Amino acid sequence: MHTRTRISQFILFAVLGIILALAGGCSQEVEPLVVYAGKGLKNAMEEVKQSFEQQEGIPITLIYAGSDTLLTTLQKTHKGDVFIPGSSSYIKRAGELATTDQYVAHHTPIFAVRANTAKSLHSYPDLLKPGVQIAVGNKDMCAIGRIAEAILSSSALQETFRPNIVITGSTVNELLQLVVDGEVDAALLWTDMLQWPEAKGLIPIALPDDVNKPKEIRVTVLSTSTSPNQAMRFADFVATEGQDIFTKHGFGVK
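Criteria and cut-off values
Residue positions are counted from 1 within each chain, in the order its sequence is given. Local features are withheld for residues below a pLDDT of 70 in this predicted model, meaning they are given only at 70 or higher, and side-chain atom pairs are given and counted only at 80 or more; totals for whole chains, interfaces and linings count all residues. The basis for the side-chain values is all heavy atoms of the structure; hydrogens and waters are excluded. Think of it in three bands: residues with accessible area under 20% of the maximum for their type are buried, residues over 50% are exposed, and the middle band is partly exposed, with areas taken using a 1.4 Å probe on protein chains only. The helix and strand labels rest on DSSP assignments: H or I over at least four residues marks a helix, E over at least two residues marks a strand, and numbering proceeds from the N terminus. In this scheme, strands are said to pair when DSSP sees at least two bridges between them. For salt bridges, the criterion is a side-chain nitrogen of Lys or Arg within 4 Å of an Asp or Glu carboxyl oxygen. Note on definitions: angles span 0 to 180 degrees between N-to-C directions of axes, and those axes are lines fitted to C-alpha atoms, for helices only across the stretch in contact. Should an angle lie under 35 degrees it is considered roughly parallel, over 145 roughly antiparallel, and from 65 to 115 roughly perpendicular; all remaining angles are considered oblique. By convention, the crossing between two helices is left-handed when the near helix turns anticlockwise from the far helix through less than a right angle, and right-handed when the turn is clockwise. Contact criterion: two residues are considered in contact whenever any of their non-hydrogen atoms come within 4.5 Å of each other. Residue type decides the class: Asp, Glu, Lys and Arg count as charged, Ala, Val, Leu, Ile, Met, Phe, Trp, Tyr, Cys and Pro as nonpolar, and the leftover types, Gly among them, as polar. For a helix, the expected span equals 1.5 Å multiplied by the residue count minus one. The directions considered for the arc run from the helix axis to the C-beta atoms.

What follows concerns the pairing of strand E9 (residues 186-190). Most of E9 sits out of view: 5 of its 5 residues are buried. In terms of strand pairing, strand E6 (residues 109-114) meets E9 through 5 bridges, oriented antiparallel. Its bridge partner being in E9, Ala112 is matched across the sheet by Ala187. Direction of pairing for strand E7 (residues 134-137) relative to E9: parallel, over a ladder of 2 bridges. Bridged to Ile134 within E9 is Ala186.

Encoded structure:
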């Protein structure tokens, strides 16, 4: 099994340092809020950012990465205003760094395969056939990776399924590209990702209800925020008006 490296984590630290340095030397009256968001939330969050900035006049700087990488960054730097990971479990793991959190949407895992694949892959049992090559997330780097491990651990078929995993990726975006490029036959993604333009030509394979592990997306204001009132305004916006935007992008809501 090939495992992707942690280069993205070091790059993230460098990017964050540059952003904070620029913010510190900025003369504008309102400094941007630094928001950490799971990379799989990017399409929805970009629209949320645009809508919030137009309505409130508060600039937002979005930093995307795998949720585990974001959490590690927070724990090491103690910098930032808002945290929106791909699963609420990362907010719990943030401990005292996270203040009151609010529900935003649901993330539902699904397998994606290419419509024109030479292999006959139409159902979950098809993925267990010998020789099927599957990509999942790294459980130590992103929310979808922890989901994959939970699914495997709860499945009676895990010993059949695990040998088919040939690549672990650091983000869901990487997993999507792997299946689009034909490097694997299938990848475990989030349902909403099949609406992305780059996912054109992919078809879904649903997981059985007894093994699927939908996760809540929640937003929290960080105790490290230097603008907690503005950060709370953004968190409130994400949890209210932002829900419609997340629904538009294929996320579930309760």
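Below, the discussion takes up the pattern of salt bridges. In total, this model carries 10 salt bridges according to the counting rule given. Lys248 is the partner of Glu47 in a salt bridge, and the nearest nitrogen-oxygen pair spans 3.0 Å. Separated by 201 residues along the polypeptide, Glu47 in helix H2 (residues 42-56) and Lys248 in helix H9 (residues 241-248) bring together distant segments of the chain. Judged by its relative accessible area of 24%, Glu47 falls in the partly exposed class. One salt bridge in this structure joins Asp185 and Lys119, with 2.7 Å as the shortest N-O distance.

Another point: the packing of H2 against helix H8 (residues 228-239). Two numbers describe how H2 lies on H8: the axes approach to 11 Å, and their chain directions differ by 125°. Judged on the interaxial angle alone, H8 and H2 are oblique. Crossing hand, H2 versus H8: right-handed. Seen from H2, the contacting residues are Met45, Val48, Ser51, Phe52, Gln55 and Glu56; seen from H8, they are Arg233, Phe234, Phe237 and Val238. The class makeup of the residues in the contact of H2 with H8 is 6 nonpolar, 2 polar and 2 charged.

For the rest of this paragraph, the subject is the sheet that holds strand E5 (residues 98-107). What the 5 strands build is an open sheet, ordered E3-E2-E4-E11-E5; its pairing is mixed. Only two strands of the sheet have a single neighbouring strand rather than two, namely strand E3 (60-65) and E5. Averaged over all neighbouring strand pairs, the angle between strand axes comes to 20°, with direction disregarded. Note: strand E2 (residues 33-38) against E3, 6 bridges, orientation parallel. Within the sheet, the bridge partner assigned to Val35 lies in E3 and is Leu62.

Here H2 spans 20 Å end to end across 15 residues, near enough to the 21 Å set by a 1.5 Å rise per residue. Looking only at H2, the buried set comprises Ala44, Met45, Val48, Lys49 and Phe52. Here the buried residues of H2 occupy an arc of 135° about the axis, which is enough to place them on one side. One or two positions beyond H2, positive phi appears at Gly57, with a value near 75°.

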